[in-house]
Amino acid sequence: MNLVAGLLLILPLAMAALLGLFGKRLHGKTPGLLAFGMAATCFGLAVAAFLHLRGLPEEARFVEASFWRWLDLGSGDQRLALDVGVWLDPLSVTWALFVTGVGSLIFLYSISYMEHEEGAWRYFSYLCLFLFSMLILVLGENLVLTFLGWEGVGLCSYLLIGFDYGKEVAARAGRKAFVVNRIGDVGFLIGMFWTWKLYGTLGHGEMKPIMAAVTAVPPLLALGYFVGACGKSAQLPLFVWLPDAMAGPTPVSALIHAATMVTAGIYLVLRLSPLFVAAEWALDVVAWTGAATALFAGLIALRQRDIKRVLAYSTVSQLGYMFLACGLGAFGAAAFHVITHAFFKALLFLGAGAVIHALHGEQDLWKMGGLKHHLPKTARAMTAGAFALAGIFPFAGFFSKDEILGVAFAQGYAGDPSRYVLWGMGVLTAALTAFYTARMMTLCFGGTSRVDPHLHPHEAPAPMAIALQVLMVASIVGGAALGFEALHWMPLHHWIDPVLAAPPHPTHLPPALNWGLMALAMMIAVLAWRIGAKWYGGDFAPARQAELTAPRFAKLLQGRFFVDELYALLIVRPLRFVAELCLEFDRRVVDGLFRGAGSFSALLSTTVRLAQNGVVHAYAFWMVVGAVLLLTLALA
Amino acid sequence: MVPQAWYLLLSALLFGLGIAGFVARRNTLVMFMSVELMLNAANVVFLAAARDHVPARGSACALFVIAVAAAEVAVGLALVLALFRLRKSVQADEVRELRA
Amino acid sequence: MLSETTAFLLFSAIALVGAVNVVTRRNPVHAALWLVGAFLGVAGLFLTLGAGLLGAIQVMVYAGAIMVLFLFVILLLNLDTTPFEGLSIARGASLLATAATVALIAFPFARARELRAAAVPDEPELPATAGNIASILFHQYALPFEVVSLLLLIAMVGAIHLARRPRRDEPT
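Summary of the structure given here. Worth saying up front: this structure is predicted, and the values here are computed from it rather than measured.

**A short note on the overall build of chain B**
Here's step 1: Along its length, chain B carries three helices and zero strands.
Here's step 2: For chain B, the N- to C-terminal ordering of α and β elements is α-α-α.
Here's step 3: When the 100 residues of chain B are sorted by exposure, 67% land in the buried category.
Here's step 4: Here the contacts in chain B between residues at least 6 apart in sequence split such that 58% fall between residues at least 24 apart.
Here's step 5: For chain B, the accessible area works out to roughly 3,200 Å², and carbon and sulfur atoms hold 71% of it.

The following block contains the structure:
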C-alpha cells in the first residue's frame, strides 16, 4: 500500500516536472496523452487503494504510510514532529477516487480541447501539478501536508486561470483568485496553530483518537478552518473569485473550479468534523453561511448571460448546499453531494466547453440558441447534467440534494424551527436552480438560432465526446448507485460515515413525510424547469426585452448584487489609497532623502573637483603647503 | 669639527632651492633636476647625522637614496620623452590631462 | 692642507651656487651643467663628513651617469632656451611656501647645537669604510637592498616601455 500511495503522489509530480521542463519539445497531442496516461494510472492506483481498504474490517480501515521525517521542531510539550506521508481512510480515498476519476476524464477531454492552443504543454504541466497538489491535500498524513496541497492547488488555480496571461482579464482574475484565497488561508493557519497548541499534534492518525474524545472546542478554532474553507470553496463572503476564475480554459473550470479543488473546503470540514461538532455554535455558522450562499448565488445565476458564469454561480450555490449539509451535521450527505456534483458539474462545464469550442469562443447565451440540431450529442449529455443539477429524479443530483433538504426538515420537525428556515432557503434555491438551469439550456440549445451565421458549429472530436458520455452516465446513475436514503440504500454512507463525526441532531424523518417532501421537491423542480423552459423557449425577443428592461431587483441580479463593486469601494479603494500614500511617501521622503544625499555629495564633489585642475605645479604647491602644515604641527 | 647644525642648515637651503625649482620652473627637465637637488640635501642630512655615531649606516642609507634617485631619473626622463613625443614640448603647464 | 672648516665653506659655496643656478638658468643645458657643480660640491661635503666612498659614488653616479642621462635627453629633444616664464601670483605663493619650508626645517636644526644620539647610544662606532658599509648593507639591510634591486629592475622596464616608440597601430 505504501508503494501505491507513494506512486499516487510521485507520478503526477514527475509528470508535471517532465512536461514543465521538456514539454516545449513535444508537439500536438503528445503532452496531453502523456498526462492523460498518468491520470488514468493514478485512478487505477486510487481504485487499488480503495479495494485494499474495503478488504479491511471497518474499524481498521486506515493506512498510515510515512516516507520520511519532514519537520522536527522544538522538544517536550512543544515538539512538533511531522512526517511526509500518506493517510488513507475512506474519506481521503473517496476524494482521491473522484479527483483522479473525474480528473482523468477531463485530462482526456483536454487533449482535444487544447490541441491547437499555444503552450498546451504548459497547460498539462500545470494540470499534473494540480493533480499532485490535490492528492497531497486529500492524502497528506497531517494538516500541514494538507495545507501544502491547499496552497498548491491555489497556485495551480492561479496559474491556470491566468493560463492565457496575455489577456488582461485572465491575468487579473488569476490575481484575484490568489489574493482572495490568501484571506482564507490565514483562517486555516490560525486553525492549525490553535489545534497544535491545544492538542499538540497535527497528524491525522494522531488526531483521530483525540478528536473522538473531544467534547468542547473553542468555536473560533473551528471557524478558523471554516474561513479557510470559505476561501477555497467560494462561500460568502469570499466567493467573488470563483466567477472570475472562468477566464481560465473551460476544462480547468470543470476540473478545478467545479469538480475538485473547490470541494477542498468541504473536505477540510469533513476531515475535522468532530471538532466542528464539539465547537458549540460553529456548525450553525457553517449551516447559515451555506444556505445564504446557496440562495445568493442562485439568485445571481438567474440573470447571467455568460454560460460559464451561470455555471460558476451554480457551483457556488451547490457548494452552499454542501456547507449547509455540513452545518446540519449531515456530513455524509455533504460528501454525497460533493461526488454527484463533481459528476454533473464537470459534465456541464465540459458540455459548455464543447459548445464554446464549436462556436469558436462565443460564451454569450444570447448569441446561441437552436444548437441541439448542430450538437445533438452534446445537447443530450448536457441535458442529463442539467437535470441532475436541477434535482430531477432519477438523475444524480436529486438524491444528494434531497437528502440534505430532508435532514434540514427533519431537524425542524424534531423541534428546531430555525431549521425550517434553512429548509425553505434550500427549497427556494432548488427552484431557482431548476429555473436558471432550464434558462441556460433553453437559451443554448432550444429555440431558434441566434448564432453568428458565419459559424458552422460542429460536434466535438472523439476524446471530448467520450469524456462527455462517461460523465453523462455517471450523472444519470451516480446518485442512485451511491445512495437513496428513503430506501435505506446507502453504500456511500456505510463506507464513509465511520470516519465522520456522528450527526449531533436527528437526521431521519418518518417515511411518509420523507416521501411527501421528496415528491414536493420534485414537483417544485419540474415546475420551475417548465417555467424556465417556456419563458425562454419560444420567441427570444420578448424574453430579451424582459431582461433588458428589468425592474430594479433584477438589475441587482444582473450586476451580481454589486459585490465586487462593494469590495472595491470598501476594501480595494481604501487599500489603494493607503498604498498610494505610501508610494507618495516613498517618492517624496524616502527617495528625496536618497536623492538629496546624492545631489549633496555631487555638489560637494563638484567643488572639490576644482582642485583637480590637472596642473602639476598646483599639486606641487599644495604638497608644499601640506608639508609646511605638518612641520608646523610637529614643531609646535 | 664643523658643527652638525651647519650641515643641516646647508641641507635645508639645498632642499629649499630644490622645492623652489620644482614649484616655480615649468620645464619638466629642470623640475627633475630640482628633485635631484632635494634628494642630495637628504643625503647630506643622513651623513651629517650619522657622523658622530655610526657613519657606515648613514652611508648605507644614502646609498639607497642614490639608488632610488637613479630609478626616478630613469623613469622620469622616459616620461619626458613620451610627453615630448605627444606634445612636442616639455613644458609642464601645457599638460593638463589629469584635470577632473 | 685645507682646514675642515675652510673645506666645508668652500664645498658649501659650490653646492649652493650650483643649486641656485640650476633653478635660475633658463637654458636647460646650462642648468644641467650647474647641477654637475652642485653635485660635486655635495660630493666634497661628503668627504668632509668622512664618507669617502659616498663622495666617490656621488661623483660617479650623479655627476657621471645621471647627468649624462639628462644631457642626452636634452640633446635628443633638441630643446631651446625656454622663454621667460613670468612671475605670477601662483609662483610667488609657491616661493613663499618654499621659504616657509626651509625656515621650518632649518629652525630646529639651528637651535639644536648637536643632535642627540638617544636612539643608539651604545652601538660601537663604525667608520664609513667600504667594508663596514657592505657589512651593514648585506646583513642588516639585506631585505631593503633586495627591494631596491627590484625597484631598479622595475624602473628599467618602465623606462624602456615609456620611451619606446609606439607601433603604428597602437594608440599613443
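We are not done yet, so read on.
**Overview of the interface of chain A and chain C**
In many analyses, interface size is given as the accessible surface area lost on bringing the parts together.
Here's step 1: Across the contact, six residues belong to chain A and nine residues belong to chain C.
Here's step 2: Both sides together, the interface formed by chain A and chain C hides about 610 Å², and carbon and sulfur atoms give 88% of it.
Here's step 3: Our count for the chain A to chain C interface comes out at zero salt bridges.
Here's step 4: Put simply, chain A and chain C have zero residue pairs in polar contact (both at pLDDT 80 or more) between them.
Here's step 5: Looking at the side of chain A that touches chain C, its residues break down into five nonpolar, one polar and no charged.

**Let's talk about the side chain of A:Asp244**
All names here are of chain A.
Here's step 1: Looking at the element boundaries, aspartate 244 is found in helix α9 (residues 241-244).
Here's step 2: At a separation of 3.3 Å, a polar atom in the side chain of aspartate 244 contacts the side chain of arginine 309.
Here's step 3: Not counting chain neighbours up to four residues away, the residues in contact with aspartate 244 comprise Ala173, Lys176, Arg309 and Asp564.

**Regarding the packing of helix α5 (residues 143-161) of chain A against helix α6 (residues 168-199) of chain A**
The geometry of a pair of packed helices is captured by two quantities: the angle between their axes and the separation between those axes.
Residues and elements named next belong to chain A.
Here's step 1: Interhelical geometry of α5 versus α6 gives an angle of 170° and a closest axis separation of 8 Å. When the axis of α5 is compared with that of α6, the two are roughly antiparallel. In this structure, α5 uses Leu143, Val144, Thr146, Phe147, Trp150, Glu151, Gly154, Leu155, Tyr158 and Ile161 to contact α6, whose residues at the interface are Ala170, Ala173, Gly174, Arg175, Ala177, Phe178, Arg182, Asp185, Phe188, Leu189 and Met192.
Here's step 2: Here the residues of the contact of α5 with α6 are counted per class, giving 14 nonpolar, three polar and four charged.

**Looking at the pairing of strand β2 (residues 80-88) of chain A**
All names here are of chain A.
Here's step 1: Judged by how many residues are buried, β2 sits mostly within the fold: eight of nine residues are covered.
Here's step 2: In the sheet, strand β1 (residues 63-73) pairs with β2 via nine bridges, with the strands oriented antiparallel. The residue bridging valine 63 from the neighbouring strand is leucine 88, located in β2.
Here's step 3: Following β1, the chain reverses through six residues before pairing antiparallel with β2; glycine 74 in that reversal takes a positive phi of roughly 65°.

**Let's talk about the packing of helix α3 (residues 55-87) of chain B against helix α5 (residues 130-138) of chain C**
Here's step 1: Contact pair α3(B) / α5(C): the axes reach a minimum separation of 8 Å and the direction vectors enclose 65°. Our classification of the angle between α3(B) and α5(C) gives roughly perpendicular. In the crossing of α3(B) with α5(C), the sense of the turn from one axis to the other is right-handed. Contact residues: B:Ala56, B:Arg57, B:Ser59, B:Ala60, B:Leu63 and B:Phe64 in α3(B); C:Asn132, C:Ile133, C:Ile136 and C:Leu137 in α5(C).
Here's step 2: Residue composition of the contact of α3(B) with α5(C), grouped by class: seven nonpolar, two polar and one charged.

**Some details on the packing of aromatic side chains**
Residue and element names in this part refer to chain A.
Here's step 1: Following the criterion strictly, the structure yields 30 aromatic pairs over all chains and no others.
Here's step 2: Note that arginine 182 overlies the ring of phenylalanine 178, its terminal NZ or CZ placed 4.2 Å from the centroid.
Here's step 3: For arginine 439, the ring lying beneath its charged end belongs to tyrosine 536, and the centroid distance is 5.4 Å.

**Remarks on the nonpolar core**
Here's step 1: Core analysis: the largest hydrophobic core is formed by 219 residues, its most contacted members being A:Trp95, A:Tyr225 and A:Leu270.
Here's step 2: A per-element tally of this core places helix α15 (residues 331-358) of chain A first, with 20 residues.
Here's step 3: Shared between two domains, this core takes at least three residues from each, and those domains are domain 1 (1-230 + 250-279) and domain 2 (281-558) of chain A.
Here's step 4: Those residues in contact with A:Trp95 that lie beyond four places of it in its chain are A:Met134, A:Val138, A:Thr263, A:Ile266, A:Tyr267, A:Leu270, A:Ala335 and A:Val338.
Here's step 5: By size, the runner-up hydrophobic cluster in this structure holds 64 residues, among which are B:Leu47, B:Ala62, B:Ala69 and C:Met67.

**Brief notes about the interface of chain C and chain B**
Here's step 1: Each partner contributes residues to the interface: chain C has 82 residues there, and chain B has 70 residues.
Here's step 2: Taken over both partners, the interface formed by chain C and chain B buries close to 6,800 Å², and the fraction arising from carbon and sulfur atoms is 77%.
Here's step 3: Of all residues in chain C, the largest losses of buried area upon contact with chain B belong to C:Val23, C:Leu49 and C:Phe70, amounting jointly to 10% of the total for that side.
Here's step 4: Our count for the chain C to chain B interface comes out at zero salt bridges.
Here's step 5: The tally of links from chain C across to chain B stands at eight residue pairs in polar contact (both at pLDDT 80 or more).

**A few points about the environment of C:Val59**
All names here are of chain C.
Here's step 1: With respect to the secondary-structure elements, valine 59 resides in helix α3 (residues 52-77).
Here's step 2: Looking at valine 59, the relative accessible area reads 35%, which means it is partly exposed.
Here's step 3: Once the C-alpha coordinates of valine 59 and alanine 43 are considered, the two residues, 16 residues apart in sequence, prove to be 6.4 Å apart.

**Overview of the state of the cysteines**
Here's step 1: Under the definition given, this model contains zero disulfides over all chains.
Here's step 2: This cysteine, A:Cys156, is not joined by any disulfide, and A:Cys128 carries the nearest cysteine sulfur, 9.8 Å off.

**A word on the pattern of salt bridges**
Residue and element names in this part refer to chain A.
Here's step 1: All told, the structure shown has 16 salt bridges over all chains when counted by the stated rule.
Here's step 2: Arginine 305 is the salt-bridge partner of aspartate 364, the closest N and O atoms lying 2.5 Å from each other. One end of the pair, aspartate 364, is in the loop between α15 and α16 (376-390); the other, arginine 305, is in the loop between α13 (282-301) and α14 (307-327), and 59 residues separate them in sequence.
Here's step 3: Classification of aspartate 364 as buried rests on a relative accessible area of 12%.
Here's step 4: Salt bridges here are not isolated pairs; linked through shared partners, they connect Arg69, Asp72, Arg79 and Asp83.

**Regarding the environment of A:Gly385**
All names here are of chain A.
Here's step 1: If you trace the backbone, glycine 385 turns up in helix α16.
Here's step 2: Glycine 385 sits in the buried class, given a relative accessible area of 0%.
Here's step 3: Taking the C-alpha atoms as reference points, glycine 385 and leucine 468, separated by 83 residues in sequence, lie 9.9 Å from one another.
Here's step 4: The contact partners of glycine 385, leaving out residues within four places of it in the chain, are Phe344, Leu347 and Leu348.

About the cut-offs
- Residues numbered from 1 in each chain as written.
- Chains lettered and ligands numbered in written order.
- Predicted model: local features only at pLDDT ≥ 70, side-chain atom pairs only at ≥ 80, totals over all residues.
- Heavy atoms only, no water.
- Helix = DSSP H or I, 4+ residues; strand = E, 2+ residues; numbered from the N terminus.
- Buried < 20%, exposed > 50% of the residue type's maximum accessible area, 1.4 Å probe, protein only.
- Contact = heavy atoms within 4.5 Å.
- Areas by Shrake-Rupley, 256 points an atom, 1.4 Å probe, with all protein chains shown as cover.
- Buried area = accessible area lost by both parts, 1.4 Å probe.
- Salt bridge = Lys/Arg side-chain N within 4 Å of Asp/Glu carboxyl O.
- Polar contact = N/O pair within 3.5 Å; in protein donor to acceptor, adjacent residues only side chain to side chain.
- Nonpolar A, V, L, I, M, F, W, Y, C, P; charged D, E, K, R; others polar.
- Axes fitted to C-alpha atoms, helices over the stretch in contact; angles between N-to-C directions.
- Parallel < 35°, antiparallel > 145°, perpendicular 65-115°, else oblique.
- Pairing = 2+ DSSP bridges.
- Left-handed = near helix turned anticlockwise from the far one by under 90°.
- Phe/Tyr/Trp six-rings, centres within 6.5 Å; stacked < 30°, edge-to-face > 60°.
- Lys NZ or Arg CZ within 6 Å of the ring centre and 35° of its normal.
- Core = buried A, V, L, I, M, F, W, Y, C linked by side-chain atoms within 4.5 Å.
- Domains from an automatic or database assignment.
- Disulfide = S-S within 2.5 Å.

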